[in-house]
Amino acid sequence: MTCQRCQDEAVVHLTELVDGRRRERHLCASCAREAGLAPPDSPPDLGLDAVLGALIAKHVGELVGELAESSCPDCRLRYVDFRAGGRLGCPRDYEVFRTGLMPMLLRFHGASRHVGKRARSRPGAADRLRLRARLRQAVAREDYEEAARLRDQLRPKEPHA
Amino acid sequence: MTLDDMTRTSGEWLRGTGPESDIVMCSRIRLARNLADFPFSNRASRGEKLGVESQVKAAVEAAELDAVYFDVNAMSNLDRQFLVERQIVSSELAGGEGPRGVAVTPKENVSIMVNEEDHLRIQYMLSGFRLPEVWEAIDDLDDRLEENVAYAYSSSLGYLTACPTNVGTGIRVGVMVHLPGIVAGKGIDKVFRALQKINLAVRGLHGEGSQAFGDFYQISNHQTLGKSEEEIIRMLTDVVPQILQFERQARQDLVTGRRQHLHDQVSRAYGVLKTAQTISSEETMLLLSSVRLGINLGLIDDLSIATVNELFIQTQPAFLQKLHGGELGVEERNVARASFLRSRLAEGRGDDE
């Protein structure tokens, strides 16, 4: 089959349903790329490294590149560590690793949105998580003045009555 | 209440009362919750875990549950194992490290684990098939705890948990069922496959990864996102009765087809338990399962279901060692187990007087 745009051999075949109507598209690699339907050109030099790299990206795409190396500013967990250990480090990780997590949630739960009981709104809580992270980092770099200041901020203002 | 006191009592959930209690040992719901202002347990420093512990302890106290808090970190391994056997803590909490503990009510219906995989693992159990009642109770308990702590929660993803497999409702709704009929009729794999197809999990008595013992199985949901607590409970309350019917049919088949054989098996099991001088844990479970079936089918009439239910827990290694007041080797435990069984089953007969 030939490409619908040029006369090269078509390698991308796509059937779309648009407003209930079926539309078939047959495109060659370069036209498909222009149409945003295929990954960008692979590097011309297909040495062993590149081949391996492409294979790894294909099979464990999320484990290399930006997402894998990204880490949570609060708990410092890296995405690769999460994938290795299976546990997230703090509530904020759900935002930080959102792109990696959403497909995973959809696969496991068959859903990606919460339905059911709601927690009370507690506006200050996320700020306190952040303060606590800064406290941990201050202690780690032995900045005790900053640590004392943060500890004061974290101290409960008044006991729950 | 101390751990030693607990060797003289047993959990309400073993009482063998409530609907369908011939098959459904208990109904249990667990909620996973985390405090919004702390990292999850696996990333928390010792100081942060202590902070979580003190906040949760204060919240439990304010909720007026009449619960006792046990510091699991300071406990001996034997005591930890004792709590695992009683289904009060998970083996993950027992084998964990750092500040952690559990709040338990005297009837052992409620347990609140602190610094397990999640900061809080709230559990509520009742004997028999009573999931809506359990949900009402644990929902209320959750509200009371939340008066004094801020939960990690997002409006789109619900309650945020350390493992994404629990996010959303953070709920695990389960029943513990005794299925000796289905096991004897070689139908258990079929049940497993059918439940897996509708996304329900089946596991042994001690939860994740554990072997079924004494023909006891736990059936529970494993998806927690995208369905409300009520929908998840309804899924269980719709499906479990079909399994009960399957089990009842299997028991009926045993009675009509091989009554003499069954009566013989049950009587021998009872006889061995009443007279053995040394007995392993595995054999005990197997025989207790037969005896429990025998009581439910009217083949044994001088022993209560509650006693048999309790014996499943009280013949476990840590319980026997607590009773003895120290560690026992395997051989010594087998002797202690047999002796304990003889005395408990002699009491059972005394009920006739």
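Residues numbered from 1 in each chain as written. Chains lettered and ligands numbered in written order. Predicted model: local features only at pLDDT ≥ 70, side-chain atom pairs only at ≥ 80, totals over all residues. Heavy atoms only, no water.

Enquirer: Would you mind going over the interface of chain B and chain A with me for this structure?
Expert: Often, the extent of an interface is quoted as the loss of accessible area upon association of its parts. The interface is formed by 46 residues belonging to chain B together with 34 residues belonging to chain A. Both sides together, the interface formed by chain B and chain A hides about 3600 Å², and carbon and sulfur atoms give 55% of it. Looking at the side of chain B that touches chain A, the element that brings in the most residues is helix H5 (residues 131-146) of chain B, giving five residues. (Contact = heavy atoms within 4.5 Å. Buried area = accessible area lost by both parts, 1.4 Å probe. Helix = DSSP H or I, 4+ residues; strand = E, 2+ residues; numbered from the N terminus.)

Enquirer: Even after reading the chapter, I still don't get the pairing of strand S5 (residues 120-127) of chain B, so can you show me in this structure?
Expert: In the case of a regular strand, side chains alternate between the two sheet surfaces. Residues and elements named next belong to chain B. The element S5 is extensively covered by neighbouring structure, given that eight of its eight residues are classed as buried. Summarising the sheet, strand S1 (residues 24-33) and S5 pair through eight bridges and their orientation is antiparallel. Looking at the pairing, Leu31 lines up with Ile122 of S5. A loop of five residues connects strand S4 (residues 110-114) with S5, the two strands running antiparallel in sequence, and Asn115 in this loop sits at a positive phi of about 60°. (Buried < 20%, exposed > 50% of the residue type's maximum accessible area, 1.4 Å probe, protein only. Pairing = 2+ DSSP bridges.)

Enquirer: Hey, could you run me through the packing of helix H9 (residues 281-296) of chain B against helix H10 (residues 305-314) of chain B in this one?
Expert: Each pair of packed helices gets described by two things: the angle between the helix axes and the distance between those axes. Residue and element names in this part refer to chain B. At a minimum axis separation of 10 Å, H9 and H10 run at an interaxial angle of 165°. Between H9 and H10, the crossing angle belongs to the class labelled roughly antiparallel. When you trace H9 past H10, the crossing you get is left-handed. Along its contact with H9, which presents Met285, Leu288, Ser289, Val291, Arg292, Ile295 and Asn296, the element H10 presents Ile305, Val308, Asn309, Leu311 and Phe312. (Axes fitted to C-alpha atoms, helices over the stretch in contact; angles between N-to-C directions. Parallel < 35°, antiparallel > 145°, perpendicular 65-115°, else oblique. Left-handed = near helix turned anticlockwise from the far one by under 90°.)

Enquirer: Explain empty space enclosed by the protein to me, please; I cannot follow it from the model alone.
Expert: Sizing a probe to match a water molecule and rolling it over the atoms shows the empty space that remains. Tallied over the entire structure, the rule returns two cavities of 30 Å³ or more. In terms of lining, the largest cavity is formed by B:Ser10, B:Gly11, B:Trp13, B:Leu14, B:Arg86, B:Glu108, B:Ile313 and B:Gln314. Looking at side-chain class alone, the lining of the largest cavity contains three nonpolar, three polar and two charged residues. Computed from the structure, the second largest cavity encloses a volume of approximately 30 Å³. If you trace the second largest cavity, you find it lined by A:Asp74, A:Cys75, A:Cys90, A:Leu129, A:Arg132, A:Ala133, A:Arg136, B:Pro39 and B:Glu48. Top contributing element to the lining of the second largest cavity by residue count: helix H7 (residues 125-140) of chain A, with four residues. (1 Å grid on protein atoms, 1.4 Å probe; cavity = no way out; pocket = protein on both sides within 12 Å on 5 of 7 lines; lining within 4 Å. Points joined across faces, edges and corners; volume = space filled by probe spheres on them. Nonpolar A, V, L, I, M, F, W, Y, C, P; charged D, E, K, R; others polar.)

Enquirer: I keep staring at the packing of aromatic side chains and nothing clicks. Help me out?
Expert: Any pair of aromatic rings gets described here by the distance separating the centres and the angle formed by the planes. Counted according to the given criterion, the structure contains eight aromatic pairs over all chains. Arranged with centres 5.1 Å apart and planes meeting at 65°, the rings of B:Tyr153 and B:Tyr159 form a pair that is edge-to-face. Given the relative accessible area of 1%, B:Tyr159 is considered buried. Three or more aromatic residues link up through ring pairs in this structure, and these residues are A:Tyr79, A:Phe82 and A:Phe97. The positively charged end of A:Arg132 is found above the aromatic ring belonging to B:Phe38, 3.7 Å away from the centroid. The positively charged end of B:Arg33 is found above the aromatic ring belonging to B:Tyr151, 5.6 Å away from the centroid. (Phe/Tyr/Trp six-rings, centres within 6.5 Å; stacked < 30°, edge-to-face > 60°. Lys NZ or Arg CZ within 6 Å of the ring centre and 35° of its normal.)

Enquirer: Can you help me understand the nonpolar core in this one?
Expert: Note that soluble globular proteins tend to have their nonpolar side chains buried in a common cluster. Residues and elements named next belong to chain B. Counting 54 residues, the largest nonpolar core has Trp13, Leu83, Val89, Val102, Leu273, Val291 and Leu303 as its most contacted members. The element contributing the most residues to this core is helix H8 (residues 229-275), with seven residues. If sequence neighbours within four positions are ignored, Val89 has contacts with Arg80, Leu83, Val84, Ala94, Val102 and Met113. By size, the runner-up hydrophobic cluster in this structure holds 52 residues, among which are Ile23, Leu31, Ala59 and Val239. (Core = buried A, V, L, I, M, F, W, Y, C linked by side-chain atoms within 4.5 Å.)

Enquirer: What is the right way to look at helix H11 (residues 317-324) of chain B in this model?
Expert: Helical geometry: 3.6 residues make up each α-helical turn, so side chains three or four residues apart lie on a common side. B:Ala318, B:Phe319, B:Leu320, B:Gln321 and B:Lys322 are the residues of H11(B) that are buried. B:Gly325 lies just past H11(B) and shows a positive phi near 90°.

Enquirer: What is the right way to look at the sheet that holds S5(B) in this model?
Expert: Sheet strands associate in pairs through backbone hydrogen bonding, adopting either a parallel or an antiparallel arrangement. Residue and element names in this part refer to chain B. Spatially, eight strands are ordered S2-S3-S4-S5-S1-S8-S10-S9 in an open sheet, and the strand pairing comes out antiparallel. Strand pairing shows two members of the sheet lacking a second neighbour, strand S2 (68-71) and strand S9 (200-203), which therefore form its edges. Averaged over all neighbouring strand pairs, the angle between strand axes comes to 20°, with direction disregarded. Relative to strand S10 (residues 216-221), strand S8 (residues 171-178) is paired through five bridges, and the arrangement is antiparallel. Looking at S10, one finds that Gly174 is bridged to Ser220. Along the sheet, helix H7 (residues 188-197) makes contact with S9 and S10, crossing S9 at roughly 145°.

Enquirer: Sorry, what's going on with unusual backbone geometry here?
Expert: As a rule of thumb, non-glycine residues mostly have phi less than zero, and peptide bonds are mostly trans rather than cis. Residues and elements named next belong to chain B. With a phi close to 70°, Gln87 is a non-glycine residue in the positive phi region. In this structure, Gln87 sits in the loop between helix H3 (77-85) and helix H4 (91-94). Non-glycine residue Asn115 carries a positive phi angle of around 60°. Tracing the backbone through its elements, the reader meets Asn115 in the loop between S4 and S5.

Enquirer: What's the story with the state of the cysteines in this structure? I'm lost.
Expert: Residues and elements named next belong to chain A. Evaluation of the coordinates by the stated rule reveals zero disulfides over all chains. No disulfide involves Cys6; its sulfur sits 3.6 Å from that of Cys28, the nearest cysteine. Assessed through its relative accessible area of 25%, Cys6 is described here as partly exposed. (Disulfide = S-S within 2.5 Å.)

Enquirer: In this structure, what is going on with the confidence of the model for chain A? I would like to understand it.
Expert: If pLDDT is low for a region, its predicted coordinates should not be looked at in detail. Confidence along chain A averages 79 in pLDDT terms, with 76% of residues attaining 70 or more. Across chain A, the element-wise mean pLDDT spans from 61 in helix H2 (residues 48-59) of chain A up to 95 in helix H5 (residues 93-96) of chain A. (pLDDT = per-residue confidence, 0-100.)

Enquirer: Is there a simple way to explain H5(B) in this structure?
Expert: Residue and element names in this part refer to chain B. In this model, H5 (16 residues) spans 22 Å end to end at C-alpha, consistent with the 22 Å of a helix rising 1.5 Å per residue. Looking only at H5, the buried set comprises Leu131, Val134, Trp135, Ile138, Leu141, Asp142, Leu145 and Glu146. Projected down its long axis, H5 shows its buried positions confined to an angular sector of 135°, all on one face. (Expected span 1.5 Å × (residues − 1). Arc of directions from axis to C-beta.)

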